Amino acid sequence: MLYIGIDLGTSAVKLLLMRTDGKIENIVSKEYPLSFPHPGWSEQNPKDWWDACVEGIRELTESADKSQVAGISFGGQMHGLVALDEHDEVIRPAILWNDGRTAEETDYLNETIGRDKLSQYTANIAFAGFTAPKLLWMKKNEPHLFEKIKKIMLPKDYIAYKLTGVHCTDVSDASGMLLMDVRQKCWSKEMLSICGIREEQLAHIYESYEKVGTLLPETADLLGLPQNVIVAAGAGDNAAAAVGTGTVGNGSCNISLGTSGTVFIASENFAVDSHNALHAFAHADGHYHLMGCMLSAASCNKWWMEDIIGTDDFAVQQAEITKLGENHVYFLPYLMGERSPHNDPKARGTFIGMTMDTTRAEMTQAVLEGVAFALRDSFEVAKKLGITIERTKICGGGAKSPLWRKMIANILNVKVDLLASEEGPALGGAMLAAVANGEYADVAQAADAIVKVTDTVEPDKKLAGLYEMRYQTFRKIYPKVKELYPEMS
């Protein structure tokens, strides 16, 4: 059988056609516009998503045996607010995850309602990108539109609705709305009251691998697919990517070393740290996960190489780095502020420890090490919750650097696994569809069958010991300098 995975991203949708055994038959991408109607705002027209998905699915399956297409599911950009009226028509452009208009509402939730109460209700605190602050903004600034809301949806869930006619969401994506009781996997009555909405305005919550319906007759005709194609709920982009990298099961971990960086740690049990340094969300495998997000990861290296040194030959610059674990220069990678674990938008990138004999290679090394040290900060929060992490998958553009992989293995003192295929949320979505159709007993079985490790970087005991001492120094720097950042911003 064939399964379609849809990765509904911010700038484009990526569609993937997968056989039951995990072999990828075809991949198609379709771009759509992004709108910035005011400084700091970020919006999209959900119709553009749907049009791109329709065109993409037709192209994806053009040369395939369409009778073999058995399921569709998703990974998708999280947190976006899609508001529908009583006719299921979109009321206003979707307010996206990277929209910054809700600073006032976020402060109200964190300071007036209180972080402790938010954590009690949802296991998380408010961030500007989350859905609940967007609803409060809309209630205050667009009351005439707020009153028309019949259904509140997330981006990928709007596509599921267009396919099936079912108003649905999944546990992982709903976790990022600040409206769901993550521990109980149900809507939080307290948060609904705070935001002035009713439970019937929200979609029904499914596990990510659950079937929500089949294609509507008119949709099947539009796509040229059988009407009995099942649609599974899918997952938020990070949880879907975790499925696609086999990051399921207790203590399983994946590091994404892209423009931003994430540490995704699967857990069989619900856990939340006392400072909400990590997001505590439900996972697409039926359990839970913790996630640390750093705003600048591989982008730090790109900035240093291209904007400061003035080269695009990253490998040549890294070849000059020879003394691992001995660098006296440190770099705090907070070029865009930081989320996990500091939650400090005013934090800034900082070099410290230079002397007259400091070399360019040492500063390049400090940038790479600084990102790895910051990733370890999230690891340490998880370990304090009793989660044991012995190895991690790694993906993203930065993961292509053998040197960086070696640093991460030794700074985190874990085995680092490289994957045969790195197709992210689209692959995870296709795998969830296969589980929903009964091809695999559960998500873990699908991951075991489909995800392949091609190489492993092992930590070196001596080097890990040197980096342990360096990390203990690194972790002291931010607390010492953080009071200076507000003066600089």
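Residues numbered from 1 in each chain as written. Predicted model: local features only at pLDDT ≥ 70, side-chain atom pairs only at ≥ 80, totals over all residues. Heavy atoms only, no water.

Novice: Looking at this structure, how should I read the overall build of the chain?
Specialist: Scanning the chain from N- to C-terminus turns up 17 helices and 24 strands. What you see for the chain is a C-alpha radius of gyration of 22 Å, in line with the 23 Å of a compact globule of 489 residues. Relative to its 489 residues, the chain shows a buried fraction of 60%. Within the chain, counting contacts between residues at least 6 apart in sequence, those at least 24 apart form 72% of the total. (Helix = DSSP H or I, 4+ residues; strand = E, 2+ residues; numbered from the N terminus. Rg over C-alpha atoms; globule rule 2.2 N^0.38 Å. Buried < 20%, exposed > 50% of the residue type's maximum accessible area, 1.4 Å probe, protein only. Contact = heavy atoms within 4.5 Å.)

Novice: Can you help me understand the sheet that holds strand β17 (residues 261-267) in this one?
Specialist: The strands making up a sheet associate through backbone hydrogen bonding, with each pair oriented either parallel or antiparallel. Taken in spatial order, the seven strands of this open sheet run β18-β19-β17-β16-β22-β23-β24, and their pairing is mixed. Of all the strands in the sheet, just β18 (279-282) and β24 (453-457) have a single pairing partner and so form its edges. The mean inter-strand angle of the sheet, taken between neighbouring strand axes irrespective of direction, is 25°. The pairing of β17 with strand β19 (residues 288-294) spans seven bridges and is antiparallel. (Pairing = 2+ DSSP bridges. Axes fitted to C-alpha atoms, helices over the stretch in contact; angles between N-to-C directions.)

Novice: Before we go on, may I ask you to explain the environment of Ala 434 in this structure?
Specialist: The residue Ala 434 is located in helix α14 (residues 424-436) in this model. Classification of Ala 434 by relative accessible area gives buried; the value is 0%. As for Ala 434 and Tyr 209, which are separated by 225 residues in sequence, their C-alpha atoms are 8.4 Å apart. Residues in contact with Ala 434, not counting those within four places in the same chain, are Tyr 3, Met 18, Glu 439 and Tyr 440.

Novice: Would you take a moment to explain the pattern of salt bridges for this structure?
Specialist: Oppositely charged side chains are able to pair whenever their charged atoms sit close together. In the structure shown here, the tally under the stated rule is 23 salt bridges. Put simply, Arg 19 and Asp 21 hold a salt bridge, and the shortest N to O gap is 2.8 Å. As a salt-bridge pair, Glu 59 and Lys 30 come within 2.6 Å of each other at their nearest N and O atoms. One end of the pair, Glu 59, is in helix α1 (residues 46-60); the other, Lys 30, is in strand β3 (residues 24-31), and 29 residues separate them in sequence. Each of Glu 43, Arg 92, Asp 99, Arg 101 and Glu 142 takes part in a single network of salt bridges with overlapping partners. (Salt bridge = Lys/Arg side-chain N within 4 Å of Asp/Glu carboxyl O.)

Novice: Would you mind showing me how to read the pairing of strand β16 (residues 253-257) here?
Specialist: Looking down a regular strand, the side chains alternate between one sheet face and the other. Most of β16 sits out of view: four of its five residues are buried. Where β16 meets β17, five bridges bridge the pair, whose relative direction is antiparallel. The residue bridging Leu 257 from the neighbouring strand is Gly 261, located in β17. Taking the residues between adjacent antiparallel strands as the criterion, β16 and β17 are bridged by three residues. Note that β16 and strand β22 (residues 391-395) share three bridges and pair parallel. Its bridge partner lying in β22, Asn 254 is registered against Lys 393.

Novice: I keep staring at the nonpolar core and nothing clicks. Help me out?
Specialist: Grouped burial of nonpolar side chains is what soluble globular proteins tend to show. Leu 179 and Ile 408 are the most contacted members of the largest nonpolar core, which totals 131 residues. With 12 residues, the top contributor of residues to this core is helix α12 (residues 360-384). What Leu 179 contacts, discounting residues up to four positions off in sequence, is Thr 122, Ala 132, Leu 135, Trp 187, Ser 188, Met 191, Leu 192, Cys 195, Ile 197 and Leu 202. With 39 residues, the next largest nonpolar core counts Tyr 32, Val 82, Cys 168 and Val 231 among its residues. (Core = buried A, V, L, I, M, F, W, Y, C linked by side-chain atoms within 4.5 Å.)

Novice: Before we go on, may I ask you to explain the state of the cysteines in this structure?
Specialist: Under the counting rule described, the total for this entry stands at zero disulfides. Here Cys 300 stays free of any disulfide, with the sulfur of Cys 293 as its closest cysteine sulfur at 15 Å. (Disulfide = S-S within 2.5 Å.)

Novice: How should unusual backbone geometry be read in this particular structure?
Specialist: Excluding glycine, residues mostly have negative phi values, and the peptide bonds linking residues are mostly trans. Here the residue pair Ser 340 and Pro 341 is connected by a cis peptide bond, since its omega of 0° sits within 30 degrees of zero. Its location among the elements puts Pro 341 in the loop between β20 (330-332) and β21 (350-352). Of note in the backbone geometry, Asp 88 takes a positive phi value of approximately 60° without being a glycine. Among the secondary structure elements, Asp 88 is positioned in the loop between β6 (82-84) and β7 (94-95).

Novice: Can you help me understand the packing of α1 against helix α5 (residues 155-164) in this one?
Specialist: The description of two packed helices rests on the angle between their axes and on the distance between the axes. Contact geometry for α1 and α5: axes closest at 10 Å, N-to-C directions at 60°. In terms of orientation, α1 lies oblique with respect to α5. Crossing angle aside, the handedness with which α1 passes α5 is right-handed. In this structure, α1 uses Pro 46, Trp 49, Trp 50 and Cys 53 to contact α5, whose residues at the interface are Pro 155, Tyr 158, Ile 159, Lys 162 and Leu 163. (Parallel < 35°, antiparallel > 145°, perpendicular 65-115°, else oblique. Left-handed = near helix turned anticlockwise from the far one by under 90°.)

Novice: Honestly, helix α9 (residues 237-244) in this entry has me stumped. Any pointers?
Specialist: Turn by turn, an α-helix covers 3.6 residues, leaving residues three or four places apart pointing in a common direction. Of all eight residues in α9, six are buried; the element is thus mostly enclosed. Looking at α9, one finds that the buried residues are Ala 239, Ala 240, Ala 241, Ala 242, Val 243 and Gly 244. Positive backbone phi, approximately 75°, marks Gly 246, located one or two places after α9.

Novice: In this structure, what is going on with helix α16 (residues 461-481)? I would like to understand it.
Specialist: Given a rise of 1.5 Å per residue, 21 residues ought to cover 30 Å, and the 31 Å separating the end C-alpha atoms of α16 matches this to within 8%. Taken together, the buried positions of α16 are Leu 463, Ala 464, Tyr 467, Tyr 471, Phe 474, Ile 477, Tyr 478 and Val 481. The buried side chains of α16 occupy one side of the element, clustering within an arc of 110° when seen end-on. The exposed set on the far side of α16, more than 90 degrees from its buried face, consists of Lys 461, Lys 462, Lys 476 and Lys 480. The opening residue of α16, the one whose side-chain oxygen lies 3.2 Å from the backbone nitrogen of Lys 462, is Asp 460. (Expected span 1.5 Å × (residues − 1). Arc of directions from axis to C-beta. Polar contact = N/O pair within 3.5 Å; in protein donor to acceptor, adjacent residues only side chain to side chain.)

Novice: What is the right way to look at the environment of Asp 48 in this model?
Specialist: Mapped onto the secondary structure, Asp 48 falls in helix α1. Counting along the chain gives 16 residues from Asp 48 to Tyr 32, while the straight-line C-alpha distance between them is 6.2 Å. Not counting residues within four places of it along the chain, the set of residues in contact with Asp 48 comprises Tyr 32 and Pro 33.

Note that all results are geometric; they support no functional claim without further evidence.
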